[in-house]
Amino acid sequence: MLTLRLTGGEAQPWHRVIVFQNIGAEAIQASKFKLPDEAVQMPGARLTFQDITLRPGHVAFVWQGHEFVMMSNWLRVDGKEYGWDEQEVIMLVD
C-alpha cells in the first residue's frame, strides 16, 4: 500500500491510498518520504520530473512499475486522473 499526501497551501492536506493487488505486504517496508526531496531514498523509485518553484508544485515518478504524477489539483496514476478530494482507494494490478 502507498499513501500519497498533498501538502502546501491547503488548510488540510489531502491524501490518496493506492493498493498494489499483486504485491505482498512484506515486499514493501513502511517508510515515509518527502517528494521530490527524498525520492532517491525511496527504494526502486525513479524521479522523472519535478517543478517545485511554487509548492506543492509538480512531481512525477515511477515506482513498482507504475507512473505517478502529482499536481496540486489532481493525481495521475498510470495515465488515469484522480482528484485529491476523492477518497476511494486506487487499486493497481501488476
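Residues numbered from 1 in each chain as written. Predicted model: local features only at pLDDT ≥ 70, side-chain atom pairs only at ≥ 80, totals over all residues. Heavy atoms only, no water.

**What about the sheet that holds strand β2 (residues 14–20)?**
Inference 1: Read from one edge to the other, the open sheet built from 3 strands follows the order β1-β2-β8, with strand pairing classed as mixed. With partners counted over all chains shown, the strands left at the sheet margins are β1 (2–6) and β8 (90–92), one partner each. Direction aside, neighbouring strands of the sheet carry axes that sit 25 degrees apart on average.
Inference 2: Across 3 bridges, β2 lies against β8 in parallel orientation. Directly across from Ile18, in β8, lies its bridge partner Ile90. (Pairing = 2+ DSSP bridges. Helix = DSSP H or I, 4+ residues; strand = E, 2+ residues; numbered from the N terminus. Axes fitted to C-alpha atoms, helices over the stretch in contact; angles between N-to-C directions.)

**Some remarks on the pattern of salt bridges**
Inference 1: Under the criterion given, the structure shown has 4 salt bridges.
Inference 2: With its nearest N and O atoms 3.9 Å apart, the salt bridge here joins Asp37 to Lys34.
Inference 3: Here Arg76 ties to Glu81 by a salt bridge, and the two come within 3.5 Å at their closest N and O atoms.
Inference 4: Judged by its relative accessible area of 27%, Arg76 is partly exposed.
Inference 5: Each member of the salt-bridge network shares a partner with another, and the members are Arg16, Glu86 and Glu88. (Salt bridge = Lys/Arg side-chain N within 4 Å of Asp/Glu carboxyl O. Buried < 20%, exposed > 50% of the residue type's maximum accessible area, 1.4 Å probe, protein only.)

**Structural notes on the sheet that holds strand β7 (residues 80–82)**
Inference 1: Strand order in the open sheet formed by 5 strands is β3-β4-β5-β6-β7, and the pairing between neighbours is antiparallel. Strands at the two margins of the open sheet, each flanked by one partner only, are β3 (46–51) and β7. When the angles between neighbouring strand axes are averaged without regard to direction, this sheet yields 15 degrees.

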